[in-house]
Amino acid sequence: MNLWLAPLDGITNYLFRNSLCRHFGGIDCFVTPFMPVQERAKLNVSNWRDIWPKNNTLKPATPQLMGNVPAHFVDTMHLLHETYGYTSFNWNVGCPVAQVVRRHRGCGLMPDTDRVEEVVAAVTSQTPFRFSIKMRLGLHSPDEGLRILERLESYPLDYIVIHPRLGVQMYEGVPDWDMLDEFCRHTHHRLVYSGDLNLVPDFVRLRQRYPMIQDWMLGRGILRNPFLAEEIRGMDVGDRRSRFLKYYQHFAAELLPLRHERGTLHNFKELWHYWRCLTGISDEQLRQLLRVDDWEHFYERSLQMIQDGCPNP
Ligand SMILES: Cc1cc2nc3c(=O)[nH]c(=O)nc-3n(C[C@H](O)[C@H](O)[C@H](O)COP(=O)(O)O)c2cc1C
């Protein structure tokens, strides 16, 4: 059984991934947030810090790509291999954000089975690299995903990550477990599961229901509770409060030199929507914290909240 960290654009960059792995166990590998593919002449990958090898020494990281032109994938993958040595790539066919869908990328491609197949056919015939896709059930209907699975059955894909919601659902409502059964029956490819793994019992239930799945991606659940992978593996998590505090302080120290006070404050405010679960603060306390506009003040106040609130069973 493998536990993966899900790609979360704007959150799980290399600084987040490295801090998480230094302080918490249980995660085996990452898929990075997406990067756009392009034709070779227009690519400048030297500033793609998120996948610089020196920033990714702790666990294997697979770069995720987004686009819809077969030749752009082939060019980008060759260049990333030559520049950084990567041999495995993931394609984002699941992003439901309106601007992405409108530009016929991410989940916007799911109704276009031909285009999905063209990209996979080009990559698997014109490169020696491992290629995988991350998709939803469909944009409007699960028929789209089922058609894609049928078309991709004969291609040598590395794996397919499935988040069992439709694009139009965004992140709302519950995943469609019955449809996931159907998807499992429709493919021989290795499946990686992603979606709503928030608590250990969620994981246990899904593992029993889908014994053929060996790979599980943790996303928002591990943001809310960074001990989640350890808990799933039955590890002794020890003193939660002091471990979370150390992580928090280390992560802030790593972010500050690169993101400066403004950027760090912005990132931390976003993360506090998730961390609030761990510290058990009320809606009002969160609102007050998010109103603070100065980093020093925010940091001090948030440290105090962890000290006061982080549970330590
Ligand atoms: C803020 C945010 C950013 C995301 N960014 C990406 C991304 O860059 N690539 C991707 O394939 N999925 C992305 N996702 C989807 C997640 O990887 C994951 O499939 C989804 O959140 C469901 O899993 P969870 O309930 O465990 O979070 C994103 C989700 C969120 C909430």
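The structure displayed is predicted, hence computed values, not measured ones.

## What to know about the domain arrangement of the protein
- In terms of domain boundaries, the protein breaks down into domain 1 (2-232) and domain 2 (240-309).
- Between domain 1 and domain 2, the C-alpha centre-to-centre distance is 28 Å.
- Interface area, domain 1 with domain 2, both sides summed: about 1700 Å², of which 65% is carbon and sulfur.
- Our count for the contact surface shared by domain 1 and domain 2 stands at 2 salt bridges.
- A salt bridge links Arg240 to Glu231; the nearest nitrogen and oxygen atoms lie 2.8 Å apart.
- Summed over the shared surface of domain 1 and domain 2, the result is 5 residue pairs in polar contact (both at pLDDT 80 or more).
- Of the residues forming the side of domain 1 that touches domain 2, the biggest block, 7 residues, is contributed by helix α1 (residues 14-23).
- In terms of residue class, the side of domain 1 that touches domain 2 is made up of 9 nonpolar, 4 polar and 6 charged.

## Remarks on the site of the ligand
- As a structural note, the neighbourhood of the ligand is formed by 16 residues, with Asp9, Gln64, Ser194, Asp196 and Arg220 the closest of them.
- For the ligand, a nitrogen atom lies 3.2 Å from a polar atom in the side chain of Asn92.
- Here a nitrogen atom of the ligand and a side-chain polar atom of Tyr171 are 3.5 Å apart.
- The protein chains hide 90% of the 610 Å² of surface that the ligand would expose on its own.
- Within the shell around the ligand, the residues separate by chemical class into 6 nonpolar, 6 polar and 4 charged.

## A word on empty space enclosed by the protein
- This structure, assessed with the given rule, holds 1 cavity of 30 Å³ or more.
- Roughly 50 Å³ of volume is contained in the largest cavity.
- Taken together, the residues that form the lining of the largest cavity break down as 4 nonpolar, 3 polar and 1 charged.

## Description of the sheet that holds strand β8 (residues 215-218)
- Read around the closed barrel, the 8 strands follow the order β1-β2-β3-β4-β5-β6-β7-β8; overall the barrel is parallel. Each neighbouring strand pair of the sheet contributes to a mean axis angle of 30°, computed without reference to strand direction.
- Sheet analysis places strand β2 (residues 29-36) next to strand β3 (residues 61-66), joined by 5 bridges and oriented parallel. Paired with Phe34 across the bridge in β3 is Gln64.

## Observations concerning the packing of aromatic side chains
- Counting across every chain of the model gives 26 aromatic pairs.
- Taking the centre distance of 6.3 Å and the plane angle of 75° together, the rings of Phe73 and Phe131 count as edge-to-face. A residue pair is termed long-range when its members are at least 10 positions apart, and Phe73 in helix α2 (residues 70-84) and Phe131 in strand β5 (residues 130-138) qualify at 58 residues. For the residue pair Phe73 and Phe131, the accessibility class agrees, reading buried in each case.
- Plain terms: the ring middles of Trp91 and Phe131 are 6.3 Å apart, the flat faces sit at 20° to each other, and that makes the pair stacked. With Trp91 in strand β4 (residues 88-93) and Phe131 in strand β5, the pair connects residues that are 40 residues apart, well separated along the chain.

## What about the layout of surface pockets?
- Looking at the largest pocket, its volume works out to about 730 Å³.
- Lining the largest pocket we find 33 residues, and of these Pro7, Leu8, Asp9, Lys134 and Tyr171 sit closest to its centre.
- Going through the elements one at a time, β2, β5, β8, α8 (220-224) and α10 (240-279) are the ones with two or more residues in the lining of the largest pocket.
- Counted by class, the lining of the largest pocket contains 16 nonpolar, 10 polar and 7 charged residues.

## Looking at the nonpolar core
- Ranked by size, the top nonpolar core spans 95 residues in total, and within it Trp91, Phe131, Met135, Phe244, Tyr248 and Trp272 carry the most contacts.
- No fewer than three residues from each of domain 1 (2-232) and domain 2 (240-309) sit in this core.
- Ignoring any residue separated from it by four or fewer positions in sequence, one finds Tyr248 in contact with Phe268, Trp272, Trp275, Phe298, Tyr299, Ser302, Leu303 and Ile306.
- Among the nonpolar cores identified, the runner-up in size contains 8 residues, and Val31, Tyr159, Val161 and Met217 belong to it.

## Describing a negative patch on the surface
- Taken together, the side chains of Glu261, Asp294, Glu296 and Glu300 present a region of like negative charge at the surface.
- Following the sequence through the fold, Glu300 ends up in helix α12 (residues 295-309).
- Judged by its relative accessible area of 58%, Glu300 falls in the exposed class.

## Some remarks on the packing of helix α11 (residues 283-291) against α12
- For the pair α11 and α12, the least separation of the axes is 9 Å and the interaxial angle reads 155°. Accordingly, the angle class assigned to the pair α11 and α12 is roughly antiparallel. For the pair α11 and α12, the sense of crossing is left-handed. Within the contact between the two elements, α11 uses Gln285, Gln288 and Leu289 and α12 uses Phe298, Arg301, Ser302 and Met305.
- Partitioned by chemical class, the residues of the contact of α11 with α12 number 3 nonpolar, 3 polar and 1 charged.

Calculation criteria
- Residues numbered from 1 in each chain as written.
- Predicted model: local features only at pLDDT ≥ 70, side-chain atom pairs only at ≥ 80, totals over all residues.
- Heavy atoms only, no water.
- Domains from an automatic or database assignment.
- Buried area = accessible area lost by both parts, 1.4 Å probe.
- Salt bridge = Lys/Arg side-chain N within 4 Å of Asp/Glu carboxyl O.
- Polar contact = N/O pair within 3.5 Å; in protein donor to acceptor, adjacent residues only side chain to side chain.
- Helix = DSSP H or I, 4+ residues; strand = E, 2+ residues; numbered from the N terminus.
- Nonpolar A, V, L, I, M, F, W, Y, C, P; charged D, E, K, R; others polar.
- Near = heavy atom within 4 Å.
- Areas by Shrake-Rupley, 256 points an atom, 1.4 Å probe, with all protein chains shown as cover.
- 1 Å grid on protein atoms, 1.4 Å probe; cavity = no way out; pocket = protein on both sides within 12 Å on 5 of 7 lines; lining within 4 Å.
- Points joined across faces, edges and corners; volume = space filled by probe spheres on them.
- Pairing = 2+ DSSP bridges.
- Axes fitted to C-alpha atoms, helices over the stretch in contact; angles between N-to-C directions.
- Phe/Tyr/Trp six-rings, centres within 6.5 Å; stacked < 30°, edge-to-face > 60°.
- Buried < 20%, exposed > 50% of the residue type's maximum accessible area, 1.4 Å probe, protein only.
- Core = buried A, V, L, I, M, F, W, Y, C linked by side-chain atoms within 4.5 Å.
- Contact = heavy atoms within 4.5 Å.
- Patch = residues over 30% accessible without salt bridge, like charges linked within 9 Å, V, L, I, M, F, W, Y side chains within 5 Å.
- Lys, Arg positive; Asp, Glu negative; His and termini not counted.
- Charge placed at Lys NZ, Arg CZ, Asp CG, Glu CD.
- Parallel < 35°, antiparallel > 145°, perpendicular 65-115°, else oblique.
- Left-handed = near helix turned anticlockwise from the far one by under 90°.

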